[in-house]
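# Understanding the architecture of this molecule
Here is how the chains run, residue by residue.
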Amino acid sequence: MFGSVMAVFVIYVVVFILFEDYDRKRLEPFDEVSDWHLLLFSIVMMGGLGLILYRYARRMDERISREQAAKENRLRRELTQNISHELKTPVASILGYAETVLHTEGISEQQRRQFAERTLSQAQRLTALLQDISMLNRMDYAADILTKGRVNVSALVADIVEETSLAFQERHMKLYNQLPKDIVVRGNEQLIYSIFRNLTDNAVAYAGEGTMVEISATEDKTHWHFHFADNGQGIPEEHLPRIFERFYRIDKSRSRQMGGTGLGLAIVKNAILLHDGTITIHSEKGTQFDFTIAK
Ligand code: ATP
Ligand code: MG
């Protein structure tokens, strides 16, 4: 910055000295300063200012890209750490159960079965985690090859209602599906399924016993506007800004007990963005998601 100011000053002084002899008489008194001197002064000042601004903008750009690169690096490191941490737990459990079954003398048939069931459930958790990671990867790096076609959202949500009805019953919860029967959009069926499935699974897992969930929608020319709400325990305000981040959970131990890894809402948000939509969350007396999907 200082260098630029000095450069402008020096340029002006040099130009001024070069032309001073030629126009010495006219410089005095001041009000006789010729037009070309004023013009010259303005040009040099403008040029100088431009130079200062240009250098300043370039320096800011460089700083911003340096900071962005550092942030991306940090996020990538955190993501890798998170993934390996989440993989470690089920893998360690599977190894532990398998070793116990193989190397423990006189293990009863009942215990053997119990360990086999736990191994299966950990392996299922591992599979779900890998599927989530691969889905996010596909959205990040191969969004353009995701096939899109006509998706009947009403039918798809009706399927989810059926698939989760037992879980709703077990928790004494109710699901009110108020969607019109004819919601059809152009999109990727698997991703749209993931949006509604993750929100439904979350409601079942976190809203609490005896709560209810309501899904409704309205349309405008270009988009369907969905409202997905439960009247459960809600999410404390301070967590809302980070809730769509990968691996972000409010109560890690509780969420992990429910089999959660904190990828569900990240998938929801990314899938919505890939359908030209937006999503917002509110949490007043329960949790409400408002999102759009392009027709
Ligand atoms: P995953 O979906 O990857 O299995 P998860 O459910 O923990 O794991 P998200 O779906 O991203 O991850 O949800 C993040 C956190 O938000 C959850 O851990 C939970 O604490 C909170 N949450 C999500 N939905 C609700 C809800 N309907 N009511 C209360 N809390 C919720
Ligand atoms: Mg979830």
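See the structure printed just above.
Values in this document were obtained by computation on a predicted structure and should not be read as measured data.

### A look at the sheet that holds strand E2 (residues 174–177)
Pairing is mixed in the open sheet, where five strands are placed in the order E2-E4-E5-E7-E6. Strand pairing shows two members of the sheet lacking a second neighbour, E2 and strand E6 (279–282), which therefore form its edges. With direction set aside, neighbouring strand axes in the sheet form an average angle of 15 degrees. One ladder, built from four bridges, connects E6 with strand E7 (residues 287–294); its direction is antiparallel. Pairing of Ile279 across the sheet is with Phe291, part of E7.

### Describing unusual backbone geometry
One non-glycine residue, Phe247, lies in positive phi territory at about 70 degrees. Relative to the elements of secondary structure, Phe247 occurs in the loop between strand E5 (223–230) and helix H8 (252–257). Phi is positive for Asp276, close to 55 degrees, though the residue is something other than glycine. Checked against the element boundaries, Asp276 lands in the loop between helix H9 (264–273) and E6.

### Re the environment of Thr211
Along the chain, Thr211 turns up in the loop between helix H7 (189–207) and strand E4 (212–219). Take Thr211: its relative accessible area is 9%, and that puts it in the buried class. Those residues within four positions of Thr211 in sequence are excluded, and the remaining contacts are His172, Met173, Lys174, Asn231 and Gly232. Within polar-contact distance, the side chain of Thr211 engages the backbone oxygen of Gly208 at 2.6 Å.

Rules and cut-offs
- Residues numbered from 1 in each chain as written.
- Chains lettered and ligands numbered in written order.
- Predicted model: local features only at pLDDT ≥ 70, side-chain atom pairs only at ≥ 80, totals over all residues.
- Heavy atoms only, no water.
- Pairing = 2+ DSSP bridges.
- Helix = DSSP H or I, 4+ residues; strand = E, 2+ residues; numbered from the N terminus.
- Axes fitted to C-alpha atoms, helices over the stretch in contact; angles between N-to-C directions.
- Buried < 20%, exposed > 50% of the residue type's maximum accessible area, 1.4 Å probe, protein only.
- Contact = heavy atoms within 4.5 Å.
- Polar contact = N/O pair within 3.5 Å; in protein donor to acceptor, adjacent residues only side chain to side chain.

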